[in-house]
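# Notes for the structure review
The lines below spell out each chain.
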Number of protein chains: 2
Amino acid sequence: MFQIASSETFMDGQVIFAEGANGDWMYVVESGEVEISKNVDGRRIVVETFYPGEIFGEMAYIDKMPRSATATAKGTTEVGIIDRQIFDTEYNKLSADFQQMLRTVVIRLRRTTMKLLQTLKESGT
Amino acid sequence: MFQIASSETFMDGQVIFAEGANGDWMYVVESGEVEISKNVDGRRIVVETFYPGEIFGEMAYIDKMPRSATATAKGTTEVGIIDRQIFDTEYNKLSADFQQMLRTVVIRLRRTTMKLLQTLKESGT
């Protein structure tokens, strides 16, 4: 469904993007799996796993903040890089209010994920 | 900043919208505070508190699902109902891909909030 600019293949364990890095490309899983993980006091905690057809990387796309988590291939994984131009054209046409509303959702998602990890850590799960 | 269609005043403890209800208006806090809470096994857990200038209710606006949490006034609170028409016009102009990307973020926020509450419950916090 999404327009793909190019595809890339990652081997098991290869990092697609790293927590804290800059970059705001969005991706779609074409085959394989992508694990989204965060480092909490040196421990790698998997937050989500994405499967073919699912997109990821959209948080940094919307709020232009560094990557909040690391994306790693699980098994040989092919990801499509979503064509930026189409999205950029649409995003730039949105009013300041609408853009702010979208950033609000992403900031809440970042914050809720942090709270979840903090709670997981404290509960020793 | 947001265009307000009308304002409404709620007394302390009054519900602005309830978890599970339909409705997709977005609001902005004008004065007072708004508590966002979820019912977990009969216990009311406050997920977030919003202050003047912050918007809320945008999740149901984007994904058209029932309200995932209850919004309650804390103290006498005035909220502005955001003018729908302006947002609707913009939203309807977005491509199916862009809309799907936005729904994805909201679905992730709903899911992460559920995981957080589940973890809080299990850890007995």
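In this report, the structure presented in the accompanying data block is examined. (Residues numbered from 1 in each chain as written. Chains lettered and ligands numbered in written order. Predicted model: local features only at pLDDT ≥ 70, side-chain atom pairs only at ≥ 80, totals over all residues. Heavy atoms only, no water.)

Tallying secondary structure elements over chain A gives 3 helices and 6 strands in all. Of the regular secondary structure in chain A, the N- to C-terminal order runs β-β-β-β-β-α-β-α-α. For chain A, with 125 residues in total, the buried portion stands at 49%. The long-range share in chain A, meaning contacts at least 24 apart out of those at least 6 apart in sequence, stands at 76%. Counting every atom, chain A has about 5,900 Å² of accessible surface; 51% of that belongs to carbon and sulfur. (Helix = DSSP H or I, 4+ residues; strand = E, 2+ residues; numbered from the N terminus. Buried < 20%, exposed > 50% of the residue type's maximum accessible area, 1.4 Å probe, protein only. Contact = heavy atoms within 4.5 Å. Areas by Shrake-Rupley, 256 points an atom, 1.4 Å probe, with all protein chains shown as cover.)

With that settled, the discussion passes to the pattern of salt bridges. Evaluated as defined, the whole model comprises 22 salt bridges over all chains. Across the pair Arg-108 of chain A and Glu-58 of chain B runs a salt bridge whose closest N-O atoms are separated by 3.0 Å. One end of the pair, Arg-108 of chain A, is in helix H3 (residues 96–123); the other, Glu-58 of chain B, is in helix H1 (residues 58–63), on a second chain. By relative accessible area, which is 6% here, Arg-108 of chain A ends up buried. For Glu-58 of chain B, a relative accessible area of 2% translates into the label buried. Between Lys-121 of chain B and Asp-41 of chain B there is a salt bridge, with the nearest N and O atoms lying 2.9 Å from each other. Pair noted here: Lys-121 of chain B is in helix H3 (residues 96–123) and Asp-41 of chain B is in the loop between strand E3 (27–40) and strand E4 (43–50), with a separation of 80 residues, a long-range link. Residue classification places Lys-121 of chain B among the partly exposed positions, given a relative accessible area of 33%. One salt-bridge network, held together by shared partners, links Asp-24, Lys-64, Arg-84 and Asp-88 of chain A. (Salt bridge = Lys/Arg side-chain N within 4 Å of Asp/Glu carboxyl O.)

Attention now goes to the relation of the copies chain A and chain B. Both copies of the chain are placed relative to one another by a rotation about an axis and a shift along it. Note on the identical chains: chain A maps onto chain B by a rotation of 180° and an axial translation of 0.0 Å, with an RMSD of 0.0 Å. As the rotation angle and translation indicate, the two copies are arranged about a two-fold axis. Take the interface residues of chain A: 100% of them recur as interface residues in chain B, which is what a same-surface contact looks like. (Least-squares fit on C-alpha atoms with pLDDT ≥ 70 in both.)

What follows concerns the side chain of Glu-58 of chain B. A distance of 3.0 Å separates polar atoms of two side chains, one belonging to Glu-58 of chain B and the other to Arg-108 of chain A. In this structure Glu-58 of chain B touches Met-101, Val-105 and Arg-108 of chain A together with Met-26 of chain B, once residues within four positions along its chain are discounted. (Polar contact = N/O pair within 3.5 Å; in protein donor to acceptor, adjacent residues only side chain to side chain.)

Take the pairing of E4 of chain B next. All names here are of chain B. Pairing geometry for E3 and E4, over 7 bridges, is antiparallel. Each residue of the ladder has a partner; that of Val-40, found in E4, is Arg-43. What sits between the antiparallel neighbours E3 and E4 is a turn of 2 residues, in which Asp-41 has the positive phi angle 50°. (Pairing = 2+ DSSP bridges.)

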